[in-house]
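# Inside the fold
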Amino acid sequence: GIDTKGKTIYLPNGYDNETIDKIKINSLEEKENIILTVGRLGTKAKNTELLLETLKDTDLKDWKVYLVGSLDKRFEKYKENFFKENPDLINKIIFTGEIKNREELYKYYNRAKVFVLPSKWESFGIVMVEAMAFGNYIITSNTCAAKDITNNGEIGKIVKIDSKEELKKELERVISREINLKEKYEKTLSHVSNFKYSYLIEKLGERIK
């Protein structure tokens, strides 16, 4: 066998920090009471229905939820029915459609305080790392990279896949200010530097030498 001892290096997926580093990241006080999700909405993997079913039973108070991404065909009907049955949520839960322009997308991350991704499965979830670069508090289901991204749940919350109860509980803890978002914001910004491309390349360079 080949001896790989001391030769293997674990590199997580990174995010392109060049553009983001040029953006002035809003302080928590400058942010809005926005919970954000980004991705192809309504696909089986993304579990968007679970998110909406949970939000329906959650008192959002003065919070809004923005869902950014294209809509899966099978989901359009569901969304239509959802708002028919919950007309009071039309101004609370906002679908923006797909945003291809990165700078436009980054404006949403910069306004939001919380990023939620209740996926049934996820390869790595680069959107979570991008959200963290803007200090968003991460709520994610227990997919393969969740522990890495949340530093074992220290800076974000990992909820059980498909668990409406756990997701609802965490959203309520955020809304009722039980979670100290200020403290999480600082920790998140410091932890996310581990995922910067520039840092990963530098790290790789050191190991190759």
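As a reminder, the structure under discussion sits directly above these lines.
These remarks concern the structure in this document. Nothing here was measured: the structure is a model prediction, and the numbers come from that model.

### Some details on the overall build of the protein chain
Along the backbone of the protein chain there are nine helices and six strands. Scaling as 2.2 N^0.38, a compact globule of 209 residues should have a C-alpha radius of gyration of about 17 Å, and the protein chain matches this with 18 Å. By residue count, 46% of the 209 residues in the protein chain fall in the buried class. Once local pairs closer than 6 in sequence are excluded, the contacts in the protein chain between residues at least 24 apart make up 74%. For the protein chain, the distance from the average site of its 38 positive side-chain charges to the average site of its 34 negative ones is 2 Å.

### Here's the deal with the pairing of strand β5 (residues 137-141)
Within β5, five of the five residues are buried, which leaves the element mostly enclosed by the surrounding structure. Here β5 shows a buried face lined by Tyr137, Ile139 and Ser141 and a second buried face lined by Ile138 and Thr140. Bridge analysis of strand β4 (residues 114-117) against β5 gives four bridges, and the strand direction is parallel. Paired with Val116 across the strands is Ile139, a residue of β5. The handedness of the β4 to β5 crossover, carried by helix α5 (residues 126-133), is right-handed. As judged from the three bridges shared by β5 and strand β6 (residues 157-159), these two strands associate in the parallel manner. Its bridge partner lying in β6, Ser141 is registered against Val159.

### A look at the side chain of Glu130
Structurally, Glu130 is set in helix α5. Apart from the residues lying within four places of it in its own chain, the contact partners of Glu130 are Tyr15, Arg102, Tyr106 and Tyr109.

### Here's the deal with the packing of aromatic side chains
Pairs of aromatic rings are described using the distance from one ring centre to the other and the angle between the two planes. On inspection of all chains with the given rule, the structure shows ten aromatic pairs. Relative to Tyr78, the ring of Phe75 has its centre 5.4 Å away and its plane inclined at 25°; by these criteria the two rings are stacked. Residue Phe75 and its partner Tyr78 are both found in helix α3 (residues 73-85); the two are separated by three residues, about one turn of the helix. Judged by its relative accessible area of 0%, Phe75 is buried. On the basis of relative accessible area, Tyr78 is assigned to the partly exposed category, the value being 21%. An aromatic cluster of at least three residues, connected via ring pairs, comprises Phe75, Tyr78, Phe82, Phe83 and Phe95. Its end group placed over the ring of Phe95, Lys79 keeps NZ or CZ at 4.7 Å from the ring centre.

### Things to note about the sheet that holds β6
If you walk across this open sheet you meet the six strands as β3-β2-β1-β4-β5-β6, and the pairing is parallel. The open sheet has two free edges, formed respectively by β3 (93-97) and β6, since each of these has just one partner strand. For this sheet, the mean inter-axis angle between neighbouring strands, taken without regard to orientation, is 20°. Sheet contacts for helix α7 (residues 164-175): β1 (34-38), β4, β5 and β6; angle to β5, the most-contacted strand, approximately 170°.

### A closer look at the packing of helix α2 (residues 48-56) against α7
Closest axis-to-axis distance for the α2/α7 pair is 9 Å, and the angle between their directions is 55°. Looking at the two axes, α2 sits oblique to α7. Once α2 is placed against α7, the crossing between them reads as right-handed. Only Lys164, Leu167, Lys168 and Leu171 of α7 make contact with α2, whose side of the interface consists of Leu50, Leu51, Glu53, Thr54 and Leu55. Class assignment of the residues belonging to the contact of α2 with α7 gives a composition of five nonpolar, one polar and three charged.

Cut-off values and rules
Residues numbered from 1 in each chain as written. Predicted model: local features only at pLDDT ≥ 70, side-chain atom pairs only at ≥ 80, totals over all residues. Heavy atoms only, no water. Helix = DSSP H or I, 4+ residues; strand = E, 2+ residues; numbered from the N terminus. Rg over C-alpha atoms; globule rule 2.2 N^0.38 Å. Buried < 20%, exposed > 50% of the residue type's maximum accessible area, 1.4 Å probe, protein only. Contact = heavy atoms within 4.5 Å. Lys, Arg positive; Asp, Glu negative; His and termini not counted. Charge placed at Lys NZ, Arg CZ, Asp CG, Glu CD. Pairing = 2+ DSSP bridges. Right-handed = clockwise from strand over helix to strand, strands pointing away. Phe/Tyr/Trp six-rings, centres within 6.5 Å; stacked < 30°, edge-to-face > 60°. Lys NZ or Arg CZ within 6 Å of the ring centre and 35° of its normal. Axes fitted to C-alpha atoms, helices over the stretch in contact; angles between N-to-C directions. Parallel < 35°, antiparallel > 145°, perpendicular 65-115°, else oblique. Left-handed = near helix turned anticlockwise from the far one by under 90°. Nonpolar A, V, L, I, M, F, W, Y, C, P; charged D, E, K, R; others polar.

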